[in-house]
Structures are given as C-alpha cells and as structure tokens.
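Chain residues, written in single-letter form:
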Amino acid sequence: MNVHRKAFRRSTFDVNPRRLKAKLRTYHKNTMKYSLNFFCRSFLLPALCASEVLLCGCKKAENPPTAPQPLQPQTGPYFHQIYSASSSDGLNWTFDNRILLDHASVPAAIVTPAGKIRIYYVDASRVPENTNCAESSDGGVTFTVLGCTIANRANDKALDPSIVLLADGRYRLYYYASKQNPNTADKHSIYSAISSDGVLFTQEHEVFAREGLVDPDVFQVGDEWFMYVFSLNEGATIVARSRDGLNFTYVGPLGLRDWGTTAPVKLDDGRWRLYAFNQRGNQTVGSFVSSDGLNWTQEDGVRFTAPAGWQVTDPFVVRLPDGTWKMVMKMHQ
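Every value quoted in this text rests on a predicted model; they were computed, and no experiment measured them.

1. Quick word on the sheet that holds strand E16 (residues 249-253)
- Ordered by their spatial adjacency, four strands build an open sheet running E13-E14-E15-E16, and the pairing between neighbours is antiparallel. Two strands bound the open sheet, and with one partner strand each, they are strand E13 (213-221) and E16. In this sheet, adjacent strand axes meet at a mean angle of 25 degrees when their direction is disregarded.
- Relative to E16, strand E15 (residues 236-242) runs antiparallel, the two sharing four bridges.

2. Examining the pairing of strand E24 (residues 325-332)
- Taken across its eight residues, E24 has eight buried, putting it largely inside the fold.
- The antiparallel hairpin formed by strand E23 (residues 311-319) and E24 contains five residues in its connecting segment, where Gly323 sits at a positive phi of about 95 degrees.

3. Side note on the nonpolar core
- Among the nonpolar cores identified, the biggest contains 30 residues, and Ile82, Leu101, Ile119 and Trp296 are the most heavily contacted of them.
- Each residue touching Ile119, except ones within four places of it in the same chain, is listed here: Ile82, Leu100, Leu101, Pro107, Ala108, Ala109, Asn132, Cys133, Ala134, Phe143 and Val328.
- In this structure, Val106, Val122, Leu159 and Leu213 belong to the second largest nonpolar core, which totals 21 residues.

4. What about the sheet that holds strand E4 (residues 104-111)?
- Taken in spatial order, the four strands of this open sheet run E4-E5-E6-E7, and their pairing is antiparallel. The open sheet terminates on both sides in strands that have one partner only, identified here as E4 and strand E7 (144-145).
- As judged from the two bridges shared by strand E6 (residues 130-136) and E7, these two strands associate in the antiparallel manner. Counted as the bridge partner of Glu135 is Thr144 from E7.

5. Thoughts on the confidence of the model for the protein
- When pLDDT is averaged along the protein, the result is 84; 78% of the residues meet or exceed 70.
- Here residues 1-17 is modelled with pLDDT under 50, and outside its nearest four sequence neighbours on either side it reaches four contacts, counting other chains as well.
- Across residues 26-71 the pLDDT falls below 50, and counting only partners more than four positions away or on other chains, this stretch makes 21 contacts in the model.

6. Quick word on the pattern of salt bridges
- The full count for this structure, using the stated rule, is 15 salt bridges.
- Between Arg241 and Glu224 there is a salt bridge, with the nearest N and O atoms lying 2.7 Å from each other. Of this pair, Arg241 sits in strand E15 while Glu224 sits in strand E14 (residues 224-231); the two residues are 17 residues apart in sequence, bridging distant segments of the chain.
- For Arg319, the salt bridge is made with Asp268, and the minimal N-O distance between the two is 3.0 Å. Placement of Arg319 in strand E23 and of Asp268 in the loop between strand E18 (265-266) and strand E19 (272-278) is noted, with a sequence separation of 51 residues between them.
- On the accessibility criterion, Arg319 (27% relative accessible area) is partly exposed.
- Connected through salt bridges with shared partners, the residues Lys116, Arg118 and Glu135 form a single ionic network.

7. Observations concerning the environment of Ala154
- As for its position among the elements, Ala154 is in the loop between strand E8 (149-151) and strand E9 (157-165).
- Counting along the chain gives 52 residues from Ala154 to Glu206, while the straight-line C-alpha distance between them is 9.0 Å.
- Every residue in contact with Ala154, bar those within four places of it in the chain, is listed here: Ala177, Tyr191 and Gln203.

About the thresholds
- Residues numbered from 1 in each chain as written.
- Predicted model: local features only at pLDDT ≥ 70, side-chain atom pairs only at ≥ 80, totals over all residues.
- Heavy atoms only, no water.
- Pairing = 2+ DSSP bridges.
- Helix = DSSP H or I, 4+ residues; strand = E, 2+ residues; numbered from the N terminus.
- Axes fitted to C-alpha atoms, helices over the stretch in contact; angles between N-to-C directions.
- Buried < 20%, exposed > 50% of the residue type's maximum accessible area, 1.4 Å probe, protein only.
- Core = buried A, V, L, I, M, F, W, Y, C linked by side-chain atoms within 4.5 Å.
- Contact = heavy atoms within 4.5 Å.
- pLDDT = per-residue confidence, 0-100.
- Salt bridge = Lys/Arg side-chain N within 4 Å of Asp/Glu carboxyl O.

Below, the structure is given as structure tokens:
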C-alpha cells in the first residue's frame with residue numbers, strides 16, 4: 001500500500017512536496033490576477049469609466065475641461081429677431097430681408113437729431129432679458145449695440161421699451177417694470193426714465209399701473225400725451241392720457257379689436273398714421289389714420305405680409321431725413 005502511494009505521487013507530479021507547494025502558490029496567484037483583470041475589464045470598466053483611475057489599473061482618457069454653459073430658454077424673446085422693411089410713401093413696403101438684431105424683441109425706434117436710427121428693444125441675449133438699444137449710421141443697414149442702462153431701475157426687468165424725444169433734447173424711456181414672470185395677471189407698473197444721451201438713463205417713477213399691462217407706446221398729440229398699452233386681462237389695447245407725460249390716467253379701450261398697435265407717425269397733413277399687426281395669425285400689417293390720436297379709420301390694403309412660415313408683430317415705423325420710411329418689426333418662425 002505504501003509502495004503504491006509513493007509510486008503514484010512520483011509518476012503524477014514528479015516533484016518533491018516543497019516544489020509542489022511553491023507551484024501551487026504561483027498558480028493561485030496568477031489565477032487571482034487574471035480573474036481580477038478579467039472582472040475589471042468585463043464588468044467594472046463600463047460602470048467606472050467616469051473615475052480617474054480604474055481598479056484594474058486602466059487610466060481614463062483625459063478631456064480638456066469645458067466651462068459650464070448657461071441654460072437657454074426654449075420659447076420667448078430669445079427666439080425672436082428684428083427685421084426691417086422700407087418704403088418711399090409709407091403705404092407700399094419692401095421687405096429688407098436681413099436680420100438687424102438677433103435674440104431681440106418688441107422694438108421701438110427713433111431718429112436722433114444726428115439723423116441716425118436708434119432701436120430700443122428687449123435684449124434676450126442676456127439673462128434676464130432687459131431693455132437695450134442699438135444705432136445705425138447707414139440708414140438702417142447695420143446696427144451697433146450701445147449698451148443701454150437704467151440706474152435705480154425698479155424690479156428685475158425693464159421690458160417693452162417706448163422712447164420719445166423731448167422738446168429740450170432729452171430722451172424719455174417708458175417700460176414695463178417686470179418681475180421674473182412678465183405674464184401674470186396681477187398689477188403691472190409702467191415706469192419712465194430720463195437721459196441726456198438716450199443710452200444712460202435714470203429711472204423717474206411709476207407713471208401708470210393696472211392689472212396685466214404690457215408693451216406701452218407713448219406719443220404726444222398737441223399738449224397731451226397718450227399711452228397705448230396692451231392689457232392681458234382685457235385682451236385688447238387700452239388708452240391712458242397725461243398732461244405732463246409722467247402721470248397717466250385710464251381712458252378706456254382703444255377700440256381696434258384684434259390689432260396690436262405701436263406709436264403712430266405724424267403725417268405732413270397733420271393727421272396720424274397708426275401701423276398695427278393683425279393678431280389673428282400675426283401674418284399681416286395694416287394701417288389706420290386719425291386726426292386726434294383716439295379715433296381711427298382703417299386704410300385700404302395691407303402694408304406688409306410676413307414671408308411664408310414667419311410671424312410678424314410690433315411694426316414700428318419712423319420717417320428718415322431723406323423722406324423715406326423705415327419699419328422695424330419683431331419676427332419669428
């Protein structure tokens with residue numbers, strides 16, 4: 001029995017017990033190493049690819065760091081653009097087909113004493129969006145952003161600007177002083193700000209307040225000031241009036257149902273022409289005439305039609321020193 005056991009050991013392993021133990025230790029060590037490596041590559045690698053160094057010793061490829069990008073809104077003025085159209089008579093318009101300002105909304109325009117076109121608008125390229133202004137010295141072909149500011153501004157945002165040039169050469173800006181959500185149905189305030197250069201403004205005070213007000217337009221007729229301002233609650237443009245341009249009182253609805261208005265343009269015969277977009281589809285711009293700024297008669301025809309697939313709103317018109325007309329408007333698809 002002992003002989004058979006000895007013969008079996010010698011024929012099978014052909015090593016002495018000390019060498020056998022050493023080989024077994026090496027075998028188990030290599031087996032554990034290969035098993036761990038296989039386990040890491042097959043199971044842990046996908047789960048730990050975001051770590052700097054994996055357990056199996058495989059270093060992740062390094063990527064250059066990137067700065068965090070601000071979240072952009074999915075709807076609203078960020079997706080609006082300001083375009084223009086030109087006319088020789090204020091009735092027949094040609095689309096200029098070029099973007100004047102991107103991420104820009106609700107334009108109002110003025111011609112400065114130097115003959116330059118200046119647009120005041122909601123600048124949605126910044127967060128939160130706020131009033132800014134841009135100027136053109138080439139007849140409205142290109143615009144340079146000026147960086148409008150309002151010192152002591154009320155609330156987070158100054159939206160929907162309206163600009164007037166006063167008799168003393170100063171600029172007065174009217175705007176909806178909004179909190180973060182501009183479309184609430186609670187009381188909204190319209191404020192004014194004053195400036196000597198039309199760029200750096202200082203807030204004056206609240207000039208008109210009512211539930212759901214947005215998008216004021218202010219203009220002077222004789223010795224009286226009118227404000228056309230849209231009411232979200234009433235679903236229509238309403239009128240307020242003032243003797244000094246700083247304290248407005250409610251008059252009532254304008255009476256142009258389904259038309260979105262801007263400030264009118266004074267004609268050579270003393271009448272006023274109001275340009276407005278048809279709120280049923282936002283596809284066309286029409287015009288109205290008045291002798292008193294309150295009672296309007298629609299003119300025949302369509303002044304402007306948006307290109308296919310586009311919408312047009314807020315058509316603001318100015319007359320240039322050479323007698324031609326320029327319309328700036330918000331457009332989006």
